[in-house]
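Listed below, chain by chain, are the residues.
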Amino acid sequence: MSGFLNRSVSVMDPTTGGGSGPSSLPLGSSPRTNGISTRENTASSPLKIFVLAKKRINDIFGMIGEYVADSSKFLNSVNCEMDIVDAEQKREVNSYVAKVAGIDEILARDHMKVVFFGRTSNGKSTVINSMLQDKILPSGIGHTTNCFLQVEGSETGEAFLVTEDSSEKKNVKSVGQLGHALCSENLGESALVRIFWPKDKCPLLRDDVVLLDSPGIDVSPNLDEWIDKHCLDADVFVLVANAESTLMVTEKNFFHKVSERLSKPNIFILNNRWDASASEPEFLEQVRKQHLDRNIAFLVDELNVVTRQQAEDRVFFVSAKEVLQARLQALKKVPQQAFPMAEGFQSRYFEFQEFERKFEECISKSAVKTKFEQIGRASCRERV
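What comes next is a walk through the structure. (Residues numbered from 1 in each chain as written. Predicted model: local features only at pLDDT ≥ 70, side-chain atom pairs only at ≥ 80, totals over all residues. Heavy atoms only, no water.)

**Quick notes on the overall build of the chain**
- A count of helices and strands for the chain gives 11 helices and nine strands.
- The proportion of buried residues among the 384 residues of the chain is 50%.
- Sequence-distant contacts in the chain: of pairs separated by 6 or more residues, those separated by 24 or more amount to 76%.
- Accessible surface for the chain amounts to roughly 18600 Å². Of this, 51% is attributable to carbon and sulfur atoms. (Helix = DSSP H or I, 4+ residues; strand = E, 2+ residues; numbered from the N terminus. Buried < 20%, exposed > 50% of the residue type's maximum accessible area, 1.4 Å probe, protein only. Contact = heavy atoms within 4.5 Å. Areas by Shrake-Rupley, 256 points an atom, 1.4 Å probe, with all protein chains shown as cover.)

**Focus: the nonpolar core**
- Counting residues in each nonpolar core, the largest one holds 45 residues, and the members touching the most others are V114, F116, M131, I195, L211, V238 and F359.
- Sorting elements by how many residues they give to this core places helix α11 (residues 345–383) first, with eight residues.
- Discounting chain neighbours no more than four positions away, the residues touching V114 are V209, V210, L211, L212, V236, V238, F359 and I363. (Core = buried A, V, L, I, M, F, W, Y, C linked by side-chain atoms within 4.5 Å.)

**Section: helix α3 (residues 124–132)**
- Counting buried residues along α3, nine of its nine residues qualify, which places the element largely inside the surrounding structure.
- If you check which residues of α3 are buried, you get K124, S125, T126, V127, I128, N129, S130, M131 and L132.
- Positive backbone phi, approximately 65°, marks Q133, located one or two places after α3.

**Concerning unusual backbone geometry**
- Notably, K264 is not glycine yet its phi reads approximately 45°, a positive angle.
- Following the sequence through the fold, K264 ends up in the loop between α7 (249–261) and β8 (267–272).

**Here's the deal with the packing of aromatic side chains**
- Evaluation of the coordinates by the stated rule reveals 15 aromatic pairs.
- An angle of 85° between the planes, with centres 6.5 Å apart, marks the rings of F117 and F255 as edge-to-face. Residue F117 is located in strand β1 (residues 112–117), and its partner F255 is located in helix α7; the two are separated by 138 residues in the primary sequence. The same class applies to F117 and to F255, which are both buried.
- Ring plane angle 90° and centroid distance 5.2 Å describe the contact between F254 and F255, whose orientation is recorded as edge-to-face.
- A relative accessible area of 0% places F254 in the buried class.
- Through a chain of ring-to-ring contacts, three or more aromatic side chains come together here, namely F117, F148, W226, F237, F254 and F255.
- Against the face of F160 rests K169, its NZ or CZ located 4.5 Å from the ring centre.
- The cationic tip of R314 hangs over the ring face of F268; the distance from NZ or CZ to the ring centre is 5.0 Å. (Phe/Tyr/Trp six-rings, centres within 6.5 Å; stacked < 30°, edge-to-face > 60°. Lys NZ or Arg CZ within 6 Å of the ring centre and 35° of its normal.)

**Regarding helix α6 (residues 223–231)**
- Residues of α6 that are buried include every one of L223, W226, I227, H230 and C231, and no others. The buried residues of α6 occupy an angular sector of 105° when the element is viewed end-on, so they sit on one face. (Arc of directions from axis to C-beta.)

**Some points on the sheet that holds β1**
- Sheet architecture is open: nine strands sit in the order β4-β3-β5-β2-β6-β1-β7-β8-β9, paired in mixed fashion. With partners counted over all chains shown, the strands left at the sheet margins are β4 (170–171) and β9 (315–317), one partner each.
- Note that β1 and strand β6 (residues 209–213) share four bridges and pair parallel. Counterpart to V115 in the pairing with β6 is L212. (Pairing = 2+ DSSP bridges.)

**Notes on the environment of H291**
- Residue position: H291 is located in helix α8 (residues 284–302).
- With residues near it in sequence (within four places) discarded, H291 still touches A243, S245, T246, N271, W274 and F317.

**Considerations on the pattern of salt bridges**
- Summed over all chains, the structure comprises 19 salt bridges.
- Note that E158 and K169 form a salt bridge whose closest N and O atoms lie 3.2 Å from each other. Here E158 is found in the loop between β2 (148–154) and β3 (160–163), whereas its partner K169 is found in the loop between β3 and β4, with 11 residues between them in sequence.
- On the basis of relative accessible area, E158 is assigned to the partly exposed category, the value being 35%.
- For the salt bridge of E322 with R348, the shortest nitrogen-to-oxygen distance reads 2.8 Å. Pair noted here: E322 is in helix α10 (residues 320–331) and R348 is in helix α11, with a separation of 26 residues, a long-range link. Like E322, the residue R348 is buried in the burial classification.
- One continuous salt-bridge network, built from bridges that share partners, spans E155, K199 and D208. (Salt bridge = Lys/Arg side-chain N within 4 Å of Asp/Glu carboxyl O.)

Coordinates in, geometry out; function isn't part of it.
Dropping the structure here:
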């Protein structure tokens, strides 16, 4: 079962007497952050595969661009009367300049994209905030997200947002109003608000990951429009489910639609709010097995997007709210005793980390394959 290890992982700072030393800390954590991993060291992150591949292919097309530009400049300087090259050949070489420039533009804006879906109040925004280690997106009780909110890295180091109908940079604090379902300024459920957040504040954004939050799939009949507008270029989908219930028909129908449009999409299922299981420990294993069996059957038998063995690495049991609280407190260097968690927090936190690791591996491989291989094939066809 993915991420579920029958072991105790201490999140206490050994310097405070709550742990037995570095060996009691979660994978990737350090004593100075009270045992909570803040994901600062990404040197070995699978995301680097995409970043390095992008740099390499940019370098290659940069050299191709220089070669094509020099060739075009030389041929244009040749007098047609010398009968070395005709006008048609010049036009053909000149066209390559524009084609290479077009590929450069695509590469410059290419990124890894993950889209989060689920029913209202399942915790999609909280999961994203936990991964970003900050309260960027509005979250809370009830229906809080009324449009698509895309978080991406800011190259300038400033935080701002832009809406579809304007290029004006707005204060990022207004995302709490613009993207909130209780706001009177309703942008429309299919509208997109792009939130640019400083890359130096989050390793995921620094590694060219774009995270897209969505309204609840149970409040809109326009699922086909959502897929066409926001999902066709996604590398990974995350279905945020409520661990206190079971997968609903609405959730299943949406991903059936996605599978009809995309060939074997990469789907993860997060059973969020798993901290509720702490109040009923006698039923924990039974409920977990029931959820796991149903989730795997959905991915394998209904959608046919992964094998049964692969599906075990796509299903996780987490509490995003706990992870976000712990990471925010760790960044402030607040001792773990100051924010006591429900029983079993250590294993839930460790499982969230395992989800992040599997997610990074999957999205990096998928992005390299779907984006760069297609560009390579397209450029080869042009040369032929």
